[in-house]
Amino acid sequence: MNTSKRQRRWWPRSVRARAALAAALTAAVVLSGIGWWVHREIYRQSLSVAHKKAANDLWTLAEQLREGHVPGRAGAVTFEIVATGRRTAVASGGGMEAFDPKAPHVLPAPSGRTGETILEGYAYRPMRIPDRADYQVERGRDNLAGRTFTVLYRDVSARHLSREQADALGVRPDATLRVHVVLVPDTAEEIATAIDDLVLRAGLAGLVLIGAVAYFTVRIALRPVEAVRRFTASVTDPSERVSVPATAHEITALADTINDTLQRLDHAAAQQRRFVADAAHELRSPLTTLLTSLEVALAYPERTDWTTTATTAARQTRRLQRLAEDLLLLARLDTGAPTADPETVDMSALTSEVTEHHPLGARKVAVACDNTGPAHVRGNRDQLERLLRNLLDNAARHAAHRIQVTVRNEDEQVVVTVDDDGPGVPAEDAERIFERFVRLDDARSRDQGGTGLGLAIARDLAERHAGTLSLVPRTLGACFELRLPEAPAPDDEPGKDQPSSGGDAVDARTTSSVASSM
């Protein structure tokens, strides 16, 4: 860990410094590439100019020989003239005269034509000037000895010279003179070096400027972010909102996102406050009834019907128990934890089991279950059973005489409908009944009214199983429709869950009628 921290210590933490450093590094890479390209291009063009000048000098020297004039040593042209049959140079100049005239000539003899290239009437090839101990620097030029240069040459016949000139040079009239002109790239290198120095200074100044501009630009751009951060850090009420900048850029999107988050937090806080208030109200009602009945019984024990008092206390205690269980289940659902141990569940068999053993309380209601065969879904069996029981509890409280439960497969979905012949639900309350602690007025007037959490829990459980729960519009009664994704049947599933032949047998097995016992 310490080693990692030391390795990252050189990298700045500030966003402004990081942006400036990144911009400077990027600019350094780009400018280095541009400088390399400029260096090569300047050197190439300068060398091209020197090449053309050397070609012109070679042409001039050849013309002088044709006119019978031997070029002198003075001048800026680096040349050497050699002839067949001679081991020493006929003439040289421009620095070549620094070699000993009595020694063999520096450049190859006319017979060495290997690798030569013909271009614009003259030939050239790279040649290495041999080392000579007596060669000295001339006119500030770097020592040519031991270096390789491009040499341009042209052959001229000695017949253009007069006999006196030929005898003075020691060549025969029928000899061939080869004129060599050395292309010395010193000027091109000096120009390229000067350009390199200029580009380097301009590049360093540009890097400093780019880094500074990037630093201050990011600093100015981050001012709204800093303002948003300070405001967010000081928020104590979720109803507050961040000021959205007028310009439509990333900061605006950030402010909108923070406002949306604050709005969701405000909604969640309001929902939590409403939930706590409703829970307190629902808990207070049975507690008040229970406490009142017990206080009256204790105040007048001789006139108290203890059986009735105990029955009332038990009923209110059961109501408190159901409410506590529902609240705990909602708390677990609100955490958003994934469904534990999903398995393949046959909704036809589960629905038949739930309807057959469901307690209908103190009301005479017939429950019929109809299915067309196995209907498999993936999920938690206990939660799916709780979902069905909540739907049956709600139907039992509102049904007049019967409840019809149907299970079928439709469009790769398992559809479960719970239909009762009760008073129904007004269209404007079709969605409100799925909210927590919402009970319609007629339900509140009944002693067996629920806690107002059953349908909310049922919808949450349906959504946790990737399904939907909705109220189907009906003229009479209420019909709740549960849709769950269909799952493939397990390989080891026996055929025992197939429906019985004949609908009457199914209804007889799953229909129950319970009379009031109170």
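Given the structure is predicted, the values throughout are model-derived calculations rather than measurements.

Rules behind the numbers
Residues numbered from 1 in each chain as written. Predicted model: local features only at pLDDT ≥ 70, side-chain atom pairs only at ≥ 80, totals over all residues. Heavy atoms only, no water. pLDDT = per-residue confidence, 0-100. Contact = heavy atoms within 4.5 Å. Salt bridge = Lys/Arg side-chain N within 4 Å of Asp/Glu carboxyl O. Helix = DSSP H or I, 4+ residues; strand = E, 2+ residues; numbered from the N terminus. Buried < 20%, exposed > 50% of the residue type's maximum accessible area, 1.4 Å probe, protein only. Phe/Tyr/Trp six-rings, centres within 6.5 Å; stacked < 30°, edge-to-face > 60°. Core = buried A, V, L, I, M, F, W, Y, C linked by side-chain atoms within 4.5 Å. Pairing = 2+ DSSP bridges.

In this section: the confidence of the model for the protein chain. Taken as a whole, the protein chain shows an average pLDDT of 78; of its residues, 81% reach a score of 70 or greater. Predicted confidence for residues 442–447 stays below pLDDT 50, and this span has nine contacts to residues more than four positions away or in other chains. Across residues 495–518, confidence stays below pLDDT 50; counting only partners more than four residues off in sequence or on other chains, it has 38 contacts.

Next up on the list: the pattern of salt bridges. What the rule picks out here adds up to 15 salt bridges. Between Arg-229 and Glu-226 there is a salt bridge, with its nearest N and O atoms 2.6 Å apart. Here the residue Arg-229 and the residue Glu-226 both occupy positions in helix α5 (residues 223–233), the gap between them amounting to three residues, near one helical turn. The partly exposed category is assigned to Glu-226, whose relative accessible area is 32%. Between Arg-408 and Glu-481 there is a salt bridge, with the nearest N and O atoms lying 4.0 Å from each other. Remark: Glu-481 occurs in strand β13 (residues 478–485) and Arg-408 occurs in strand β10 (residues 402–410); sequence separation between them is 73 residues. Overall, the relative accessible area of 26% leaves Arg-408 in the partly exposed class.

Evaluation of the coordinates by the stated rule reveals two aromatic pairs. With a centroid separation of 5.4 Å and an interplanar angle of 85°, the aromatic rings of Tyr-215 and Phe-216 are classed as edge-to-face. What makes Phe-216 partly exposed here is its relative accessible area of 47%. Both rings, one in Phe-434 and one in Phe-480, keep their centres 6.0 Å apart while their planes meet at 85°; by these two values the pair is edge-to-face. Linking Phe-434 in the loop between β11 (413–420) and α10 (441–444) with Phe-480 in strand β13, this pair joins segments that are 46 residues apart in sequence. Across the pair, Phe-480 and Phe-434 agree in class, each one buried.

By size, the foremost hydrophobic cluster in this structure holds 43 residues, and its most contacted members are Met-347, Leu-391, Ile-403, Val-416, Leu-469, Phe-480 and Leu-482. When residues of this core are traced back to their parent elements, those giving at least two are α7 (306–334), α8 (347–357), α9 (381–398), β10, β11, α11 (454–464), β12 (468–472) and β13. With seven residues, α9 is the largest single contributor of residues to this core. In terms of nonpolar packing, the next biggest core, distinct from the first, is built from 23 residues, Phe-79, Ala-91, Leu-177 and Leu-183 among them.

Side-chain alternation along β12 places Leu-469 and Leu-471 on a buried face and Thr-468, Ser-470 and Val-472 on a face that remains uncovered. Two strands pair when backbone bridges link them, and β12 and β13 are joined in this way by five bridges, in the antiparallel orientation. For Thr-468, the partnering residue across the bridge sits in β13 and is Arg-483. Taking the residues between adjacent antiparallel strands as the criterion, β12 and β13 are bridged by five residues, where Gly-477 takes a positive phi near 75°.

So, on to the side chain of Glu-80. Relative to the elements of secondary structure, Glu-80 occurs in strand β1 (residues 79–83). On the basis of relative accessible area, Glu-80 is assigned to the buried category, the value being 2%. Residue contacts for Glu-80: discarding those within four places in its chain leaves Ala-89, Ala-91, Ser-92, Met-96, His-105, Val-106, Leu-107, Arg-178, Val-179 and His-180.

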